[in-house]
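Reading the structure
So you can see what is in the structure, the chains are spelled out below.
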Amino acid sequence: MYPPPPLPPRRDFISVTLSPGRSYDGGQGLRRRSFWRKWKQLSRLQRNVVLFLLAFLMLCGLLSYISVADEWKAVGSRSAEGPKVRPANPPVLPAPRRAAENPETFAGLSPQKPPRHFRRGPPNLQIRAPDGDAKDRRQDEAQRRAEAAGEARWEDDAQGSRVSWRGTGTEPEQGPQLPPRKAEAAPRPSPQALRMRNSPASQNERQKAVVAAFRHAWAGYRKFAWGHDELKPVSKSFSEWFGLGLTLIDALDTMWILGLKKEFEEARKWVSQKLLFQKNVDVNLFESTIRILGGLLSAFHLSGDVLFLEKAEDFGNRLMPAFQTPSKIPYSDVNIGTGVAHPPRWTSDSTVAEVTSIQLEFRELSRLTGVKKFQEAVEEVTRRVHSLRGKKDGLVPMFINTNSGLFTHLGVFTLGARADSYYEYLLKQWIQGGKKETQLLEDYLEAVEGIRKHLLHRSEPGKLTFVGELAHGRFSAKMDHLVCFLPGTLALGAHHGLPADHMELAQALMDTCYQMNRQMETGLSPEIVHFNLHPQKSHKDVQVKAADRHNLLRPETVESLFYLYRLTGHRKYQDWGWEILRSFNAYARVPSGGYSSISNVQDPRNPQPRDKMESFFLGETLKYLYLLFSDDPDLLSLDTYVFNTEAHPLPIWAPS
């Protein structure tokens, strides 16, 4: 045996040889050579595709950078310009150009509940806006930045802007002012507006009582329902209808008129920061037009703050899909987020009052912005309704079909719910347009004669003149409280040159509406009354059914009292309004804040609060009471302003 060969000695080191002039680079050169080798291995087509994608990405990045840079530059330049609050539009303004015969189409909008009086909200209301795409988010962000810039302009008074709180707007002491965007003429305050601004009238005791009532109502809304649609004062909560701060917007011009500067500025801040219309919610075309669009336009005219006009134009654009129907008669509802409009679920009809009581607002929006489509859409509705069959001596049915464009439910005529403001807007459009549109005047005068012929009766035993209803030739002695708008409308027409017997009828109907309040134990009118037509012992003229004895804090009686006092000077109308205000304080006032509608006007011990304060209590009822108690005929003169059906004053256009 031979011994095993010896093992080689173990080495505890490695040998590395470096070439002269070169150093170790961690394998970078190897990787570079590997990448280049792989690139060369690609086919020519593959290399071209890669290069094209890289070039496309670089181009997209460059365009995105330019867009963002321009946007921030515009925002920065607006902020650097300093305060530029535009002056209020003058009360008397140029008449607009006549709309074209055929309204233009509304590109990009998809073609596709009930009335102001029997109101309902949209089902499954979404308070939170749905997630939109990136474009919507960018637009919302840009809108918030623009609003922030507007807020800075509002608060900055470095250039000596002065804010008037008696009916006219903000006027800088020096420097030229720009007119509203696309407006036809630069606005200038009228001499009347200057007097109202420079010499504000002091408030009398009754006006101060109205201000106190408003503050109490506003305190409840601010504490328990801020930013929501309506206050529920008894339960100290709120209810939503559209989710758009309805009470706040409806009350903007009331606060301005009452001189509530602090409250107005706080509400203005909410509008600037919180009022966004990009949300998936249905709104009623009529109700949202008279309350939101009308409220924003009126706030713009009184304050001169362009924020309200910008919001109004945005909202008006979102309502336009409602007019995309086969007949051009608008649908009752429209989704302001998706742009989809539709009729109520149970019918394809709209109510006549809804489609014919949006004209004042849309016409004024066109005049201010220069965008014709708003005016053209509503005036097309007016033309079509004017030529329809189914009327009875100027009286119109309550429903109209959005597909055929024809009246439905023929033979039923009322001046109450679903038809009332049709007659009101015939007169007010004629006044708004400078008394030049004779078709509107002719329809109004014919309707007044139709009322006299078919609906006017006298009760027993007090011989009260009232307006009933007609159904297929059969008269009903039923009268809605809503009909109490008529005395004021008739008086307004007489003031603007219509026959003097219109004023006589207005005064007779005003007495009736007062008795509808006075003959109730609480001094507040029920929603509906029936009149006695035959003398009966121990029976009053006014009778109320159990289902009709609620009071919703409606404004129609005090609205007409305002017109009658303003145009006749009879103090009794002020005294009647004072009685109604005291009744509101006695039976509708909630100690913790706010006022509540009540269920039983015949039970002063237990009027049964319904736990709801409608937005029109602040937007209409208290506003008309304040104006009623004023002895200044130039405070929102009826020769200068016309009130929409939600009591929002809009200027009368001067003849061209």
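All figures in this text were calculated on a predicted structure; none of them were measured in a lab. (Residues numbered from 1 in each chain as written. Predicted model: local features only at pLDDT ≥ 70, side-chain atom pairs only at ≥ 80, totals over all residues. Heavy atoms only, no water.)

1. Here's the deal with the state of the cysteines
Formally: We call a pair of cysteine sulfur atoms a disulfide whenever their separation is within 2.5 Å. The numbering of helices and of strands both runs from the N terminus, where a helix is a DSSP run of H or I of at least 4 residues and a strand a run of E of at least 2. Note on classification: 1.4 Å probe, protein chains only; a residue is buried when its accessible area is under 20% of the maximum for its type, exposed when over 50%, partly exposed between these limits.
Tallied over the entire structure, the rule returns 1 disulfide. With a sulfur-sulfur separation of 2.1 Å, Cys484 is cross-linked through a disulfide to Cys513. The sign of the -105° torsion about the S-S bond sets the Cys484-Cys513 disulfide as left-handed. Taken together, the residues span a long stretch of sequence, with Cys484 in the loop between strand 17 (478–480) and helix 16 (486–495) and Cys513 in helix 17 (residues 501–518) at a distance of 29 residues. You can call Cys484 buried: its relative accessible area is 0%. Overall, the relative accessible area of 1% leaves Cys513 in the buried class.

2. What to know about the packing of helix 15 (residues 438–454) against helix 17
Using the following cut-off: Interaxial angle, 0 to 180 degrees, is taken between N-to-C directions of lines fitted to C-alpha atoms, where a helix line uses only the stretch in contact. Throughout, the term roughly parallel applies to angles under 35 degrees, roughly antiparallel to angles over 145, roughly perpendicular to angles from 65 to 115, and oblique to all others. Definitions for this section: a left-handed crossing has its near helix turned counterclockwise from the far helix by less than a right angle. A right-handed crossing has that turn clockwise. Here, two residues are considered to be in contact whenever any of their heavy atoms come within 4.5 Å of each other. All amino acids are sorted into three groups, where Ala, Val, Leu, Ile, Met, Phe, Trp, Tyr, Cys and Pro are nonpolar, Asp, Glu, Lys and Arg are charged, and the leftover types, Gly among them, are polar.
Between helix 15 and helix 17, the shortest axis-to-axis distance is 13 Å and the interhelical angle comes to 50°. Between helix 15 and helix 17, the interaxial angle falls into the category oblique. For the pair helix 15 and helix 17, the crossing hand works out as left-handed. Residues Tyr444, Leu445, Val448 and Arg452 of helix 15 touch helix 17, and the partners they reach there are Asp501, His502 and Leu505. Tallied by class, residues from the contact of helix 15 with helix 17 come to 4 nonpolar, 1 polar and 2 charged.

3. Brief notes about helix 13 (residues 373–386)
We count it as follows: For a helix, the expected span equals 1.5 Å multiplied by the number of residues minus one.
Its 14 residues give helix 13 an end-to-end C-alpha distance of 20 Å, which sits within 8% of 20 Å, the value for a rise of 1.5 Å per residue. With 12 of 14 residues buried, helix 13 is to be regarded as a mostly interior element. Residues of helix 13 that are buried include every one of Lys373, Phe374, Gln375, Glu376, Ala377, Val378, Glu379, Glu380, Val381, Thr382, Arg383 and Val385, and no others.

4. A short note on the pairing of strand 18 (residues 528–531)
For clarity, the threshold we go by: Note on pairing: two strands pair once DSSP finds at least 2 bridges between them.
Alternating positions in strand 18 separate into two faces, Ile528 and His530 on one and Val529 and Phe531 on the other, with burial throughout. Summarising the sheet, strand 17 and strand 18 pair through 3 bridges and their orientation is antiparallel. Among the inter-strand pairings, Met479 is bridged to a residue of strand 18, identified as Val529. Relative to strand 19 (residues 542–543), strand 18 runs antiparallel, the two being bridged by 2 bridges. Looking at strand 19, one finds that His530 is bridged to Gln543.

5. Focus: the pattern of salt bridges
Threshold: Think of a salt bridge as a Lys or Arg side-chain nitrogen and an Asp or Glu carboxyl oxygen that are within 4 Å of each other.
By the definition in use, this model includes 25 salt bridges. Among the salt bridges present, the one from Asp575 reaches Arg206, with a minimum N-O distance of 3.1 Å. Taken together, the positions of Asp575 in helix 19 (residues 571–587) and Arg206 in helix 5 (residues 205–224) put the pair 369 residues apart, joining distant regions of the chain. For Arg206, a relative accessible area of 25% puts it in the partly exposed group.

6. Focus: the sheet that holds strand 12 (residues 412–413)
Whether parallel or antiparallel, the strands of a sheet pair through hydrogen bonds between backbone atoms. Strand order in the open sheet made by the 3 strands is 12-15-16, with antiparallel pairing throughout. Looking at which strands have only one partner, the edges of the open sheet turn out to be strand 12 and strand 16 (474–476). Sheet topology note: the strand 15 (residues 469–471)/strand 16 ladder contains 3 bridges and is antiparallel. If you follow Leu470 over to strand 16, its bridge partner there is Phe475.

Interpretation note: all reported values are geometric properties and have no functional meaning in isolation.
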